[in-house]
Amino acid sequence: MVKVILGEKGTGKTKALLDRVHEAVVSEKGSVVFINNGNRHIYDVSHKIRLVDTAEYDMHSFECFYGLLCGIVAQNYDVSYIFIDGLLKIAKGSAEEMEVFLDKANALCEKFNIQMAISISIDPAKVSDKVKAYA
């Protein structure tokens, strides 16, 4: 299941996401993955969490990023929680492409029993009802 944290820059989305990461490392039985663009949170998360820096890869679209997610799930069968900080810094595309990405990510989560939390820096009033449904 995908849950989205919406808000403009500086509204505390990353702090809320990191709080959830710290809770998950204690409560989850499977692997926890934290994905962001850059390694600025390398010291903010436990060494038990798999940290993925998308700046190391050529993420130029939501489709590319979805492929990376599939690779993470395929590589490690016991992933139980994936956290994504700053979706729009990682993948670029239209609002419609973001909706398709969220639907595909949600289907992936349902198929493999994974929880996913995604922060998106955007004014909540500017997103579609489809995106708000994930909030």
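Student: Can you walk me through the packing of aromatic side chains in this structure?
Tutor: Two aromatic rings are characterised by how far apart their centres lie and by the angle between their planes. Evaluation of the coordinates by the stated rule reveals 3 aromatic pairs. With a centroid separation of 5.5 Å and 25° between ring planes, the pair formed by Phe-65 and Phe-101 is classed as stacked. With Phe-65 in helix 2 (residues 62–75) and Phe-101 in helix 4 (residues 95–112), this residue pair connects regions lying 36 residues apart in the sequence. By relative accessible area, which is 3% here, Phe-101 ends up buried. Note on Tyr-81 and Phe-83: the rings are 4.2 Å apart at their centroids and 5° apart in plane angle, and the pair reads as stacked. Cluster of aromatic residues (ring-pair linked, three or more members): Phe-62, Phe-65 and Phe-101.

Student: What exactly am I supposed to notice about the sheet that holds strand 4 (residues 79–85) here?
Tutor: The strands making up a sheet are joined through hydrogen bonds of the backbone, oriented either antiparallel or parallel. As summarised here, the arrangement of the 5 strands in space is 1-5-4-2-3, forming an open sheet in which the pairing is parallel. Edge positions in the open sheet fall to strand 1 (2–7) and strand 3 (50–53), since each of these has one partner strand only. The sheet shows a mean angle of 15° between the axes of neighbouring strands, taken without regard to direction. As judged from the 6 bridges shared by strand 1 and strand 5 (residues 115–121), these two strands associate in the parallel manner. Looking across to strand 5, one finds that Gly-7 is bridged to Ser-121. Running at roughly 165° to strand 4, helix 1 (residues 13–27) makes contact with strand 1, strand 2 (31–36), strand 4 and strand 5 of the sheet. Strands strand 2, strand 3, strand 4 and strand 5 of the sheet are contacted by helix 2, whose axis makes an angle of about 150° with strand 4.

What counts, and at which threshold
For every chain, the first residue of the written sequence is number 1, and numbering continues from 1 along that sequence. Reporting in this predicted model follows two pLDDT cut-offs: at least 70 for local features of residues, and 80 or more for side-chain atom pairs to be given and counted; totals over whole chains, interfaces and linings ignore these cut-offs and use all residues. In computing side-chain values, all of the structure's heavy atoms are included and hydrogens and water are not. What counts as a ring pair is set by centres within 6.5 Å for rings of Phe, Tyr and Trp (its six-membered ring), and what kind of pair is set by the plane angle: stacked under 30 degrees, edge-to-face over 60, tilted for all other angles. The secondary structure listing takes helices from DSSP runs of H or I that are at least 4 residues long and strands from runs of E that are at least 2 residues long, numbered from the N terminus. Each residue gets one of three labels from its accessible area relative to the maximum for its type: buried under 20%, exposed over 50%, partly exposed in between, using a 1.4 Å probe on protein chains only. For two strands to be treated as a pair, DSSP must find at least two bridges joining them. Axes here refer to lines fitted to C-alpha atoms; in helices the fit is confined to the stretch in contact. Angles between the N-to-C directions go from 0 to 180 degrees. Residues count as neighbours in contact if any of their non-hydrogen atoms are within 4.5 Å of one another.

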